[in-house]
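Coordinate inspection notes
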Amino acid sequence: MSIPARRPAPAPRIWDRHQSTLRVTAGTPEGALEPARVCEVLREVGHRMAAAEGTPAGAVQLQTHHFQPQGLSVVVVLPGLRAVLHTWPEHGLATLDLAGADPVGLGQWVTELAVGLRMEPNLQPTG
Amino acid sequence: MKLGWHWILDARGCRPERIADPACLREVLDTLPAHLGLTAVAPPQHFEHREESGTTLAGLVLLAESHLSLHAHPALGVLQVDLFSCAHFEPGKALAFLEARYGFTDVEQRLLERGLPERRSG
């Protein structure tokens, strides 16, 4: 798959995005990718992002979709912020995409919240 | 293990009346996935955020293949798009779809392969 080469031009840097893929490591507590735990992690991400932006915590609402036989997508969209987590339990993997105005904080939160998971070094900061 | 592709678009020079139009953003969220052969699995979410520097529009729709998100910055004429899909899609088709609606003049694109390398045994 490729993208068409067209009028490349630097856009103003408004947002920073972090795309990361997480892998369950040996010794990870069982259920690291269980839906309840995944939702808990993403809700915490949403609360921290909202707090950093001065958004009321009550605005943090999760939208989830459960796949059959397994797998989960969870999203938090706030004014000026976004977090999306997809899981592939059959592969022991999850992806986490964050967008906001604080790239340093976002990266730290990913590391903190990925307890029980080992984050592979593929963060992709883009603005 | 490859999980899919993540297409990132940053566009500027968008038509002022379109980049500021929430209906335009909603229409993209409603129709672009199917245009690309992808499947929405939940109603799109969208927000308007007003601050001193201007209003920002944001929206996201979950797909069976992952997700599509848009962020529009009318004061700057900038549109930012993320499309992550575990199924093949045509970025050029998505670009043409968006350009027809927003009429941007400059774009910067990236296509990331999402996933992790296989672990070696032993």
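Everything numeric in this text was worked out from a predicted model, so none of it was measured.

Turning next to the overall build of chain B. Across its full length, chain B holds three helices and six strands. Across its three principal axes, chain B shows a C-alpha extent of roughly 55 × 25 × 25 Å. Looking at chain B as a whole, 49% of its 122 residues qualify as buried. Sequence-distant contacts, at least 24 apart, represent 63% of the contacts inside chain B between residues at least 6 apart.

Glancing now at the environment of A:Ile3. Structurally, A:Ile3 can be placed in the segment before strand 1 (16-24). Residues A:Ile3 and A:Glu90, 87 residues apart in the sequence, show an inter-C-alpha distance of 30 Å. Sequence-distant contacts of A:Ile3, that is, excluding residues within four places in its chain, are made with B:Trp7, B:Pro91, B:Gln109 and B:Leu111.

Moving on, we come to the confidence of the model for chain A. Predicted coordinates in regions of low pLDDT should not be interpreted in detail. When the pLDDT values of chain A are averaged, the result is 70; 59% of them are 70 or greater. The secondary-structure element of chain A with the lowest mean pLDDT is strand 6 (residues 117-119) of chain A, recorded at 56, while strand 2 (residues 63-66) of chain A shows the highest, at 90.

With that settled, the discussion passes to the interface of chain A and chain B. It is common to report an interface's size as the accessible area lost on association of the parts. On the side of chain B, 42 residues touch chain A, which itself brings 35 residues to the contact. Elements represented by at least two residues in the side of chain A that touches chain B include exactly strand 1, strand 2, strand 3 (72-78), strand 4 (81-88) and strand 5 (93-100) of chain A. Taken together, the residues that form the side of chain A that touches chain B break down as 16 nonpolar, twelve polar and seven charged.

Scoring rules and cut-offs
Residues numbered from 1 in each chain as written. Chains lettered and ligands numbered in written order. Predicted model: local features only at pLDDT ≥ 70, side-chain atom pairs only at ≥ 80, totals over all residues. Helix = DSSP H or I, 4+ residues; strand = E, 2+ residues; numbered from the N terminus. Buried ≥ 20, exposed ≤ 12 C-beta atoms within 10 Å, placed from the backbone. Contact = placed C-beta atoms within 7 Å. pLDDT = per-residue confidence, 0-100. Nonpolar A, V, L, I, M, F, W, Y, C, P; charged D, E, K, R; others polar.

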